[in-house]
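Chain and residue survey
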Amino acid sequence: QVQLVESGGGLVQAGGSLRLSCAASTNVLRFTTMNWYRQTPGKQRELVASIPRMGSTYYVDSVKGRFGITRDNAKNTVYLQMNSLKPEDTAVYYCNAREGRDYYWGQGTQVTVSS
């Protein structure tokens with residue numbers, strides 16, 4: 001069974017940085033894409049960034065130029081580097097992996113950005 005474990009969330013002031021990690025229990029290259037989503041109360045989960053097995057990364061417009069998604073194949077870990085954080089980035093961030101029609105989710109990690 002695939003497990004995804006996120007870490008790295010916390011409280012940070014606006015303008016600060018955090019790096020989220022998502023450790024997979026299996027070879028990350030088996031996944032078509034690995035993704036970071038975020039969700040705030042009362043809103044739908046939003047795709048923030050995506051890194052495919054092959055091809056270009058994707059970012060939602062609101063984080064372009066501030067966030068970076070990378071993958072360490074040797075560690076089976078995906079990272080989300082978040083810089084110049086804004087209060088509107090406050091959310092629970094979820095790691096997601098897609099393999100064909102199957103999706104796997106982590107438990108989420110809270111990111112809170114104070115103004």
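Refer to the structure presented above.
Residues numbered from 1 in each chain as written. Predicted model: local features only at pLDDT ≥ 70, side-chain atom pairs only at ≥ 80, totals over all residues. Heavy atoms only, no water.

1. Observations concerning the state of the cysteines
Counted under the stated rule, the structure contains one disulfide. Note on cysteine connectivity: cysteine 22 is disulfide-linked to cysteine 95, with sulfurs 2.0 Å apart. Across the disulfide from cysteine 22 to cysteine 95, rotation about the S-S bond amounts to roughly -75 degrees, and the bridge is consequently left-handed. Taken together, the residues cysteine 22 in strand β3 (residues 18-24) and cysteine 95 in strand β9 (residues 91-99) connect sequence positions 73 residues apart. Judged by its relative accessible area of 1%, cysteine 95 is buried. (Disulfide = S-S within 2.5 Å. Helix = DSSP H or I, 4+ residues; strand = E, 2+ residues; numbered from the N terminus. Buried < 20%, exposed > 50% of the residue type's maximum accessible area, 1.4 Å probe, protein only.)

2. Concerning the packing of aromatic side chains
One pass over the full model with this rule turns up three aromatic pairs. Centre to centre, the rings of tyrosine 94 and tryptophan 105 are 6.4 Å apart; their planes meet at 85 degrees, and the pair counts as edge-to-face. Of this pair, tyrosine 94 sits in strand β9 while tryptophan 105 sits in strand β10 (residues 102-105), and the two are 11 residues apart along the sequence. For tyrosine 94, a relative accessible area of 14% corresponds to the buried category. For tryptophan 105, a relative accessible area of 37% gives the class partly exposed. Joined through ring pairs, the aromatic side chains of Tyr37, Tyr94 and Trp105 make up one cluster. Above the face of the tryptophan 105 ring, arginine 45 is positioned so that its terminal group lies 4.6 Å from the ring centre. (Phe/Tyr/Trp six-rings, centres within 6.5 Å; stacked < 30°, edge-to-face > 60°. Lys NZ or Arg CZ within 6 Å of the ring centre and 35° of its normal.)

3. Structural notes on the pairing of strand β7 (residues 67-72)
Alignment of β7 against strand β8 (residues 77-82), held across six bridges, turns out to be antiparallel. In the sheet register, isoleucine 69 faces β8, and the bridge partner there is leucine 80. Taken together, β7 and the strand that follows it, β8, pair antiparallel across an intervening segment of four residues, in which asparagine 76 is found at a positive phi of about 55 degrees. (Pairing = 2+ DSSP bridges.)

4. A word on the pattern of salt bridges
Here the structure, examined in full by the defined rule, presents five salt bridges. Ionic pairing is found between glutamate 99 and arginine 30, a salt bridge with its closest N-O pair at 2.9 Å. Pair noted here: glutamate 99 is in strand β9 and arginine 30 is in the loop between β3 and β4 (33-39), with a separation of 69 residues, a long-range link. Glutamate 99 sits in the partly exposed class, given a relative accessible area of 23%. Residues arginine 38 and aspartate 89 are paired through a salt bridge, measuring 3.0 Å at the closest nitrogen-oxygen approach. Of this pair, arginine 38 sits in strand β4 while aspartate 89 sits in the loop between β8 and β9; the two residues are 51 residues apart in sequence, bridging distant segments of the chain. Accessibility assignment for this pair places arginine 38 and aspartate 89 in one class, buried. (Salt bridge = Lys/Arg side-chain N within 4 Å of Asp/Glu carboxyl O.)

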